[in-house]
Amino acid sequence: MATTTVDGAAIEAFQETLRGDLIQPDDPGYEEARAIYNAMIDRRPALIAECTDVADVVAAVDLGREQGLDTAIRSGGHNGPGLSLVDDGLVIDLSNMTGIRVDPDAATVTVEPGCTWGDVDHATHGFGMATVSGIISTTGVSGLTLGGGHGYLSRKYGLTIDNLVGVDVVLADGSLVHASEEENPDLFWALRGGGGNFGVVTSFEFDLHPVDTVVAGPMFWPIDELESTMKWYREWLPQQSEDVFAFYLKHEVPGAPFPEAIHGEKVCGLMWCYLGDGDVDDVLQPARDVAEPLFEHVEEMPYPALQAMFDDLYPPGDQWYWKGDFVYDLTDEAIAEHERFAEVPTAKSGMHLYPIDGAVHDVDADATAWYHRDATWSMVIAGVSPEPSEVEEISDWARDYWEALHPHSADGAYVNFMMEEGAERIRATYGENYERLREVKANYDPENFFHVNQNVEPAD
């Protein structure tokens, strides 16, 4: 897959079948079409096929395969290392495929791959239901789901893939298949956490849960309370009901809507989401007792409002460099390293520890491609800035911080929190499931057509 020129007749024939737009470097909309969420990524595809339906996707896959083009799949465009773009190749852009259908009687939602989680939340909230997603509503459904997916509802309802009922997939040979527990179960197993290695998913069906309003919001402590609060948190949260979710954070307080008096303060804290019907003060009080909060704003709100809470802080166009790890235990030694990196380099940079216990632990490690089922947290260290001049600083900080913590973490990470980190890192992420993934890859994509991703190479 190294061809950088495409037969002109093939392009012309493809354009005649494509209902969407085909964008090339000389076209007026090219710069906008190749822009993705992480502005650090600057790749120049030869062709961008903006698909509108499954037939467009099939035609695009056929073009990429027949012309020997490196082919990337773009849905929401949030992939950190920019694997939704490829230099000199073909981008199959699904962002215009945004259909959603809620079945309130079956408590399911069927979603096309161009949808964001904000789109899904809007559609399902009208029925008082939701499914598991992330923490930023502009994130695309496809990438988050295929990587596993965790968020505010995970302690209660598991990973996003634990709520996936079935998918439609265009394979490398251009055929369309359905995958579920009953149909093509090996493919369905691999798609639940195995990323974009196996095909282009054109439809997802998810289970929904009765989630309407939640009690949620941030609580901050001064950064010098990090040791005491993190040691308390590691013991306290795993003992709580699955209705209680709180991810640990380390940040600098941004501007509005926070009070001016704390703007720029370095803080640690918790981002809460309570699903229970008890008194939320009974849940919050132990956190207040361990250290006096600098700021607290936890209130009842519609679930979509919680999902969108970080959207304005992190719009498209920032520079991002992130590193992740699964964490089994927050050891004293690890907490000491968190203290050593207490200062974040920019106002948008930070560290989050997302709980992935509770219902996530109820699923066996070999039931889906997601292997680290007994990890307690999924950690991300994110260097973020709107300024290109700060790329080196935020990247060095994230790498140094991660290198200090990695000896105290698992070898693998949530695949959606990885940059391009090499084959051994991918192998560690999938653990004992890795060889089975290679076998499924050999069955469905033996030539590794879908390789612009966190790639699992087919078995020999």
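This one's a predicted model, so the numbers in the text were calculated from it and none came from an experiment.

Enquirer: Break down the nonpolar core for me, citing the residues and quoting the values.
Expert: Core analysis: the biggest nonpolar cluster contains 124 residues, and Tyr 152, Tyr 248 and Trp 272 have the highest contact counts within it. The element that contributes the greatest number of residues to this core is strand S12 (residues 266-274), accounting for seven residues. With sequence-adjacent residues up to four places away left out, Tyr 152 is seen in contact with Ser 133, Gly 134, Ile 135, Phe 245, Phe 247, Met 271, Cys 273, Tyr 303, Leu 306, Gln 307 and Phe 310. Counting 25 residues, the second-largest nonpolar core is a separate cluster that includes Leu 18, Val 61, Leu 90 and Phe 449.

Enquirer: Report on the sheet that holds strand S7 (residues 164-170), specifying residues and quantitative values.
Expert: Taken in spatial order, the five strands of this open sheet run S5-S6-S9-S7-S8, and their pairing is antiparallel. With one partner strand each, in any of the chains shown, strand S5 (100-103) and strand S8 (176-180) form the two edges of the open sheet. Strand-to-strand twist across the sheet, computed as the mean angle between neighbouring axes with direction ignored, equals 15°. The sheet contacts of helix H4 (residues 117-125) involve S5, strand S6 (108-111) and strand S9 (200-207), and relative to S5 the element is tilted by about 35°.

Enquirer: Before we move on, can you summarise the packing of aromatic side chains with the specific residues and values?
Expert: The tally for this structure, following the rule as stated, stands at 26 aromatic pairs. On the basis of an interplanar angle of 50° and a centroid distance of 5.4 Å, the ring pair of Tyr 233 and Tyr 248 is categorised as tilted. Note that Tyr 233 is positioned in helix H8 (residues 226-236) and Tyr 248 in strand S11 (residues 244-252), a separation of 15 residues in sequence. With a relative accessible area of 0%, Tyr 233 lands in the buried category. With 4.9 Å between their ring centres and 75° between their planes, Phe 449 and Phe 450 make a pair best called edge-to-face. Considered together, Phe 449 and Phe 450 belong to a single accessibility category, that of buried residues. Looking at Arg 399, its charged tip hangs above the ring of Tyr 321, at a distance of 4.9 Å from the centre.

Criteria and cut-off values
- Residues numbered from 1 in each chain as written.
- Predicted model: local features only at pLDDT ≥ 70, side-chain atom pairs only at ≥ 80, totals over all residues.
- Heavy atoms only, no water.
- Core = buried A, V, L, I, M, F, W, Y, C linked by side-chain atoms within 4.5 Å.
- Buried < 20%, exposed > 50% of the residue type's maximum accessible area, 1.4 Å probe, protein only.
- Helix = DSSP H or I, 4+ residues; strand = E, 2+ residues; numbered from the N terminus.
- Contact = heavy atoms within 4.5 Å.
- Pairing = 2+ DSSP bridges.
- Axes fitted to C-alpha atoms, helices over the stretch in contact; angles between N-to-C directions.
- Phe/Tyr/Trp six-rings, centres within 6.5 Å; stacked < 30°, edge-to-face > 60°.
- Lys NZ or Arg CZ within 6 Å of the ring centre and 35° of its normal.

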